[in-house]
Amino acid sequence: MLETIAFAAFAFVTLASALGVVLLEDPWHSALMLGVALMSIAVHFVMLAAEFVAMMQILVYVGGVLVLITFAVMLTQREEPASEEVVQA
């Protein structure tokens, strides 16, 4: 019974964060939601007694792919123009 409740809870977290990846407009928040989705999938692997696959999920996807996405987001964000700069002659 407890396993079913835990599975349902992490399934909800996985689906909610996957929807957050698609629906959020800010790429930084979308990348964070991707990290949450990947971590909750790793929890599903632990529940299936596949600890090695769960650790590879965390190391490869969360550790590698998410860091790569974070760098891409940081490098491609536009700088906002300074607000109402006073030009002195």
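The structure this text deals with has already been given above.
My aim in this report is to walk through the structure given alongside it, one point at a time.

About the cut-offs
Residues numbered from 1 in each chain as written. Predicted model: local features only at pLDDT ≥ 70, side-chain atom pairs only at ≥ 80, totals over all residues. Heavy atoms only, no water. Axes fitted to C-alpha atoms, helices over the stretch in contact; angles between N-to-C directions. Helix = DSSP H or I, 4+ residues; strand = E, 2+ residues; numbered from the N terminus. Parallel < 35°, antiparallel > 145°, perpendicular 65-115°, else oblique. Left-handed = near helix turned anticlockwise from the far one by under 90°. Contact = heavy atoms within 4.5 Å. Nonpolar A, V, L, I, M, F, W, Y, C, P; charged D, E, K, R; others polar. Buried < 20%, exposed > 50% of the residue type's maximum accessible area, 1.4 Å probe, protein only. Patch = residues over 30% accessible without salt bridge, like charges linked within 9 Å, V, L, I, M, F, W, Y side chains within 5 Å. Areas by Shrake-Rupley, 256 points an atom, 1.4 Å probe, with all protein chains shown as cover. Salt bridge = Lys/Arg side-chain N within 4 Å of Asp/Glu carboxyl O.

Points about the packing of helix 1 (residues 2-23) against helix 2 (residues 27-47)
Part 1 of the argument: Close contact between helix 1 and helix 2 brings their axes to 8 Å; oriented N to C, the two are set at 155 degrees. Here helix 2 runs roughly antiparallel to helix 1, going by the angle between their axes. For the element pair helix 1 and helix 2, the recorded crossing hand is left-handed. Contacts between helix 1 and helix 2 involve Glu 3, Ala 6, Phe 7, Phe 10, Ala 11, Val 13, Thr 14, Ser 17, Ala 18, Gly 20 and Val 21 on the former and, on the latter, Ser 30, Met 33, Leu 34, Val 36, Ala 37, Ser 40, Ile 41, Val 43, His 44 and Met 47.
Part 2 of the argument: For the contact of helix 1 with helix 2, the per-class residue count stands at 14 nonpolar, six polar and one charged.

Some thoughts on the packing of helix 2 against helix 3 (residues 51-76)
Part 1 of the argument: As a packed pair, helix 2 and helix 3 sit with axes 8 Å apart at the nearest point and diverge in direction by 175 degrees. Considering their axes alone, helix 2 and helix 3 lie roughly antiparallel with respect to each other. On helix 3, the residues that touch Pro 27, Trp 28, Ala 31, Leu 34, Gly 35, Leu 38, Met 39, Ile 41, Ala 42, Phe 45 and Val 46 of helix 2 are Glu 51, Val 53, Ala 54, Gln 57, Ile 58, Tyr 61, Val 62, Leu 66, Ile 69, Thr 70 and Val 73.
Part 2 of the argument: For the contact of helix 2 with helix 3, the residue count by class is 18 nonpolar, three polar and one charged.

Side note on the environment of Gly 35
Part 1 of the argument: Relative to the helices and strands, Gly 35 is located in helix 2.
Part 2 of the argument: Sequence separation between Gly 35 and Leu 75 is 40 residues, and the spatial gap between their C-alpha atoms is 19 Å.

Description of unusual backbone geometry
Part 1 of the argument: Located in the positive-phi region is Ala 49, a residue other than glycine, with phi close to 65 degrees.
Part 2 of the argument: Note that Ala 49 resides in the loop between helix 2 and helix 3.
Part 3 of the argument: The exposed category is assigned to Ala 49, whose relative accessible area is 56%.

Overview of a nonpolar patch on the surface
Part 1 of the argument: Among the surface-exposed residues, Phe 52, Val 53, Met 55, Met 56, Leu 59, Val 60, Tyr 61 and Val 65 lie close enough to one another that they form a single nonpolar patch of about 740 Å² accessible area.
Part 2 of the argument: Along the chain, Val 53 turns up in helix 3.
Part 3 of the argument: On the accessibility criterion, Val 53 (39% relative accessible area) is partly exposed.

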